[in-house]
Amino acid sequence: MQHSIGSHPFTTPPIGAARTEKNAFQVFRIATYCILLAATLIFGIIFSKGAQTIFVREFPFVNVAFLTQSPETLHVFEHEGQPHELGDREFRAYMEKRGNPSVKEESYVYSAGGIFPCIVGTFFLVVGSMTIALVVGISAAVFLNEYSRGGPVVELLRLAILNLAGVPSIVFGLFGFGLFVLFAPVFAAAPEAGHVSLPLGFCYLNFTGWGVSLLSGWFTLAFMVLPVVITASEESLKAVPKGFRDGSLALGATQWEAIRTNVLPYALPGILTSSILGIARVAGETAPIMFTAAYVVRDRLPWQVDKAVDVLFQGVMALPYHIYVVSSKIPQNEYTERVQFGTAFVFLAVVLSIALSSVILRNRMRARYRW
Amino acid sequence: MSVYWEQHLNDIREELLMMSGLTERSLSQSVRALLERDDALADLVEAEDSEIDELEKRIDGKVITYISTHGPMAKDCRFLITASKIASELERIADQATTIARRSRDLNKNAPLNSMAGIPVMAQEVQAMLRQSIRAFVERETSLALEVIGRDKLVDAEYKEAASEVEAAIMADPATTARELHLLTVAKALERAGDHATSIAEEVFYLYKGEDIRHSKIKGRLPA
Amino acid sequence: MIEVEGVDFYYGKSKALHNISLKIPAKQVTAFIGPSGCGKSTLLRCFNRMNDLIDGARIGAGELRIQGVNIYDPQVDVIALRRQVGMVFQKSNPFPKSIYQNVSYGLELQGIADKKRLDAAVEKSLRGAALWDEVKDRLHSSALGLSGGQQQRLCIARAIAVEPSVILMDEPCSALDPIATSKVEELIQELKKDYTIVIVTHSMQQAGRCSDLTAFFYIGKLIEVDATQKIFTQPANQQTEDYITGRFG
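Computed from a predicted structure; not experimentally measured.

**Re the overall build of chain C**
For chain C, the count of helices and strands is 10 helices and 10 strands. The principal-axis extents of the C-alpha atoms in chain C amount to approximately 55 × 45 × 30 Å. Expressed as a percentage of its 249 residues, the buried residues of chain C come to 46%. Partitioning the intrachain contacts of chain C with sequence separation of at least 6 by distance along the chain shows that 68% fall at a separation of at least 24.

**Looking at the overall build of chain B**
Counting secondary structure elements, chain B contains six helices and zero strands. When the helices and strands of chain B are listed from N to C terminus, the series reads α-α-α-α-α-α. Its C-alpha radius of gyration of 19 Å places chain B within 12% of the 17 Å reference for a compact globule of 224 residues. A principal-axis box enclosing the C-alpha atoms of chain B has dimensions of 65 × 35 × 25 Å.

**Re unusual backbone geometry**
Residues and elements named next belong to chain C. Look at Glu163: it is not a glycine, yet its phi comes out positive at around 55 degrees. When you line up the elements, Glu163 lands in the loop between helix H6 (148–161) and strand S7 (166–170). A residue is classified by how many C-beta atoms lie within 10 Å of it, and Glu163, with 16 of them, is partly exposed. For Ile219, which is not a glycine, the phi torsion comes out positive at approximately 45 degrees. Locating Ile219 in the fold gives a position in the loop between strand S9 (213–218) and strand S10 (221–227).

**Considerations on the sheet that holds strand S6 (residues 85–88) of chain C**
All names here are of chain C. The six strands lie next to each other as S6-S7-S8-S3-S9-S10, forming an open sheet whose pairing is mixed. Looking at strand neighbours, the two that pair on one side only are S6 and S10, the edges of this open sheet. Averaged over all pairs of adjacent strands, the angle between their axes in this sheet comes to 20 degrees, without regard to strand direction. The strands that H6 touches are S6 and S7; relative to S6, the one it contacts most, it runs at about 170 degrees.

**Focus on the interface of chain B and chain C**
At the junction of the two partners, chain B supplies 10 residues and chain C supplies 11 residues. Residue assignment for the side of chain B that touches chain C shows that the elements contributing at least two residues are helix H1 (3–35) and helix H2 (39–70) of chain B. For the side of chain B that touches chain C, the element with the most residues is H2(B), which contributes five residues. By residue class, the composition of the side of chain B that touches chain C is four nonpolar, six polar and no charged.

**Brief notes about the sheet that holds strand S2 (residues 14–24) of chain C**
All names here are of chain C. Pairing is antiparallel across the open sheet formed by four strands, whose spatial order is S2-S1-S4-S5. The open sheet terminates on both sides in strands that have one partner only, identified here as S2 and strand S5 (69–70). As defined by bridge partners, strand S1 (residues 2–11) adjoins strand S4 (residues 57–66) across eight bridges and the pair is classed as antiparallel. Paired with Glu3 across the two strands is Arg65, which belongs to S4. Contacts between helix H1 (residues 40–47) and the sheet are confined to S1, S2 and S4, with S2 contributing the most and set at about 65 degrees to the helix.

**Quick word on the interface of chain A and chain C**
Contacts between chain A and chain C engage 16 residues on the former and 18 residues on the latter. Those elements giving two or more residues to the side of chain A that touches chain C turn out to be helix H8 (242–250) and helix H9 (255–262) of chain A. Broken down by element, the residue count for the side of chain A that touches chain C peaks at six residues, all from H8(A). A per-class count over the side of chain A that touches chain C returns seven nonpolar, five polar and four charged.

**Re the nonpolar core**
In terms of nonpolar packing, the biggest core is built from 146 residues, with A:Leu125 and C:Ile167 touching the most fellow members. Here this core gets 15 residues from one element, more than from any other, and that element is helix H7 (residues 214–239) of chain A. Counting 56 residues, the second largest nonpolar core, distinct from the first, contains B:Ile93, B:Ile100, B:Leu146 and B:Ala162.

**As for the environment of A:Val127**
Mapping A:Val127 onto the fold places it in helix H4 (residues 116–147). For A:Val127 and A:Val282, which are 155 residues apart along the polypeptide, the C-alpha to C-alpha distance reads 9.5 Å.

**So, the pairing of S10(C)**
Residue and element names in this part refer to chain C. One ladder, built from six bridges, connects S9 with S10; its direction is antiparallel. The residue of S10 that forms the bridge with Phe217 is Leu222. Adjacent in sequence and paired antiparallel, S9 and S10 are bridged by two residues, among which Ile219 carries a positive phi angle near 45 degrees.

**Description of the arrangement of the chains**
Looking at the two pairs of chains with contacts, the pair that accumulates the most is chains A and C. Chain B makes no contact with chain A, the minimum C-alpha separation between the two being 29 Å.

**Some points on the packing of helix H6 (residues 169–183) of chain A against H7(A)**
All names here are of chain A. Where H6 meets H7, the closest approach of the two axes is 9 Å, and the angle between their N-to-C directions is 135 degrees. Taken together, the axes of H6 and H7 lie oblique to each other. The handedness of the crossing between H6 and H7 is right-handed. Facing Ser169, Phe172, Gly173, Gly176, Phe180 and Val181 of H6, the residues of H7 in contact are Leu215, Ser216, Phe219, Thr220, Phe223 and Met224. In the contact of H6 with H7, the residues fall into seven nonpolar, five polar and no charged.

**Here's the deal with H1(C)**
H1(C) sits mainly inside the fold: eight of its eight residues count as buried. What H1(C) keeps buried is the set C:Lys40, C:Ser41, C:Thr42, C:Leu43, C:Leu44, C:Arg45, C:Cys46 and C:Phe47.

**Description of H2(B)**
Between its terminal C-alpha atoms H2(B) stretches 47 Å, which fits the 46 Å expected from 32 residues at 1.5 Å a residue. Here the buried face of H2(B) lies against H1 and helix H3 (74–108) of chain B together with helix H8 (204–210) and helix H9 (228–233) of chain C. B:Gly71, located one to two residues past H2(B), shows a positive phi value of around 55 degrees.

**Describing the packing of H7(A) against helix H10 (residues 264–284) of chain A**
Relative placement of two packed helices is described by the angle separating their axes and the distance separating the axes. All names here are of chain A. At their nearest, the axes of H7 and H10 sit 8 Å apart, and the two run at 160 degrees to each other. In terms of orientation, H7 lies roughly antiparallel with respect to H10. Like other packed secondary-structure pairs, H7 and H10 cross with a definite hand, here right-handed. Taking contact as the criterion, the partners of Leu221, Val225, Val228, Val229, Ala232, Ser233, Glu235, Ser236, Leu237 and Ala239 in H7 are, on H10, Ala267, Gly270, Ile271, Ser274, Ser275, Leu277, Gly278, Arg281 and Val282. For the contact of H7 with H10, the residue count by class is 11 nonpolar, six polar and two charged.

**Quick look at the environment of B:Arg151**
Summarising the element assignment, B:Arg151 is placed in helix H5 (residues 142–172). In the structure, B:Arg151 is positioned 57 residues away from B:Tyr208 in sequence and 20 Å away in space, judged by C-alpha atoms.

What counts, and at which threshold
- Residues numbered from 1 in each chain as written.
- Chains lettered and ligands numbered in written order.
- Predicted model: local features only at pLDDT ≥ 70, side-chain atom pairs only at ≥ 80, totals over all residues.
- Helix = DSSP H or I, 4+ residues; strand = E, 2+ residues; numbered from the N terminus.
- Buried ≥ 20, exposed ≤ 12 C-beta atoms within 10 Å, placed from the backbone.
- Contact = placed C-beta atoms within 7 Å.
- Rg over C-alpha atoms; globule rule 2.2 N^0.38 Å.
- Pairing = 2+ DSSP bridges.
- Axes fitted to C-alpha atoms, helices over the stretch in contact; angles between N-to-C directions.
- Nonpolar A, V, L, I, M, F, W, Y, C, P; charged D, E, K, R; others polar.
- Core = buried A, V, L, I, M, F, W, Y, C linked by C-beta atoms within 7 Å.
- Parallel < 35°, antiparallel > 145°, perpendicular 65-115°, else oblique.
- Left-handed = near helix turned anticlockwise from the far one by under 90°.
- Expected span 1.5 Å × (residues − 1).

Structure (C-alpha cells):
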C-alpha cells in the first residue's frame, strides 16, 4: 500500500500515548528540579553565611583562628567610646593592661575562639568508627556471602542486620551508653566493688565501662553504620563473577585464599563506595555521640594525655554536637549565628574532604583491579 | 583441521601407493609367467594376492573411520571416497592378474602355442594404462587421466582382434581349442584390467576436478 | 588412571548418576558425550571434587579412584587433589590480572616465590599451551586483552602450570570460533603425550576428532564406552547409534 509521508503508519504518532509521555516527562523534570532547588538552598545558605566567618579579606584569606583555637566566651563591650568584641583571653589581657576598668559588657558563651577541638573530634570519630565498621562489616559480608550455607540461623542473622538499619539513632545512643559507657570491660589490677569482675590470672577484667570516650563513640557509630556496609559489601562480593572463585579453587586454593587473592581485591572499589555513604552518616549523627563520646566543651585535646593508651578513653568535642549546642543550648543572637554557620560550613567541608579522599582511593583501586 | 588430520590422509595415500605398486608387480609378473612359461612365478602371484586384499580392507577400514569421526568436507571427503574406490579397482586388477597366473599354469602343462594372439601387446598397453593412472593420482595431472580413458578404446579393439585370432586358430586346428580358450580368458582378463585402470583414471579425475565423468561419452585424448 | 566403580551421585534428593562404572586410561583423551542433563559434567566435576561446593551434592554409593586412591576418603586433602587434577572451564575465566600472574597464580598459592623459578614455569606452561610465541612480548599486560581462543589457551596454561597428572575439560571450545577451536583441539592432541585428558563435549565431531575413548551417557546412566573408532562406526548399543546419527538428542 502506498502512503504519502504524512499519512504513513510510521509517521503518524498515536496521540494519546505521546501526550501522556510528555506530561510524565514534565512531572519528572519538576521533581528533579525541586531536589536541585532544595540542595541549592541548603548548601547555598550555609556557604554564604558560613563564608562570612571562615573567610577574611587579608592573607591568608581563611580565618585561621577559627579553625585552630578552642571555643571561648565572647565579651562585647564599649570602652573609651569604641565597641570591642574580644574573646576571653584577649579580654583579660586587655583588662589587665588597662587596670581592669569597669565596663558595661555582655558575654556570650562559645561565640569566640574557634572550633578546632570539634574538627579533631569529628575526624577521630569518623576514622575510628569507619575502620571498625569496615572490618566487621566486610568480615560479616564475606561470611554471609561466601561461607554460610543458608538455613534458619543465617536467615535470622540477615533479619537482625535489616532491623539494625531501622533503629533510630537516639536508641543507638542509649544502647551505646548502656553497653560501652557503663559496662564495657577494662583491664585492671584489682576487682572493682559493685561491678562484674572476671579474674584472668595476671589481671582482672572489670566491667566498669569505658566512660564517655572515643572507644564508646567508635563502637556505637560503627554499629549504627554496619547494615549499610554489610549490604553494600555483599552486593560488591556478589558482583564478582563466580568464575574467579571456581578458577582459584580448581587450582588448589583454599576458600579463604581464593577470596583473599581473587575476590576481595575486585570487590573493594564497590565496598569503598558504600563507605562514602557511611562516612557522611557517621560524621553527621549527633544522637549516638551525645551520651557516648561528646562533651559540650573540653579543654584538652585527645592526645594530651599521660599514657598513649589513654587516648582511647578520651571524650571529644564533635562538630554536629557543637552545632546543636550553639544553636539550642544557649540564647540566640547575631554572634552565635556566626559560629553556627561557620561550624556548619566547616562540617560540610570536612565530610566532603573525607568523601573525596574515599573516592580517590576507590578510583585508584579500580584502576589497579579492573575487571 | 590439524597436522594430525593431514597425517591420516597421508597414511592412506601411502597405503594406496603401496597397493598400486604391488598390483603393478602382480600384473607384470603374471604376464611374464605366461610368456616365459614360469610356474614358480605364477605361484608367487597367487600367493601375493592375499597381501593386496589385506591392504584393501585396511584402507577401507581407515576411510570409514575417518569419515565417521571427522566428518570431512570437500576435497578431503572426495579423497577418502576416491581412495576407497581406487583400492577396490586395484584389488580387482590383482584378481585379474591371479586369473592370468592360473591360466598360464594350465597352459604350461601342454605344448606352447604358435601365436599368443596379440596378448603381449595388450599386456604392455594395459600395464602402461595402470602406471599412468597411478601417475595421474600422484602428480595430480588430470590430463594423464584423460589419456588413459582414451587408451581404453585401443585395448577394447585389441581384445576384439585377439578374439577373432583365437576363433580362427580353433577353426584351423580344433586340437588346440582348450589352450586357445585359456588364451582367450587371459585376453579377457587383460581387457577387464584395462577397464579397471580406466575406472581408476575416472576416479582420479573426479578427485581433482570434482567432475564425475563416468559413463559419459568422453572421447579422451589419445596419446600422440 | 581413573576408576569409577558403581558410583551413584545425588544433588539433594535427586539422583544424577546411576551406578556408573568405567575406567579412564592414562595419557589418552577420553570424551564424555550425551544430550544435555545426562550427567557427563556431573561426573567430570566429581573427579576434582568441585561438586563439593554445591549444597547437598554427594556420592551415594560406589568408589571413585584416581591412581588407586579413593578420592572421597576423608583422609584425602581436597586441595592437594585439585593440584593433581586440573580443570578448564566452559567459559574461559582468565583472572583480571596480567598474563604472567594468571599462569603463576597456582604456583604462588603453593608458596613458590622465587622469581627465576616462576619465570621458567610460566614460559614452560605457555609453550605447552601453544601460546608463548603469541604473548611472550606482553606477559605483563592484562589477560583480558586476549582473544577468546587465546584466553582459553591461557586457562589451559594456567592449569598445566601446577603440573597435574589429569586435565579435565568441560566443553572447552563451546564459546570459541572454528579456528580457535581447531587450535585448542590440536593442543589437546599434543597434551595427551604428557597428561591424561577427560573432555566433556556437546559436539560429537569434536569427540570424534579428539578422543581415543568415548563414553556415551544418557539420563545419568552410562550407556556405552568404547574406542572412539568403534563407537562412531559400529556402536554396540542402539541408543548410542541413534544419538550419534542425530536421531535424538
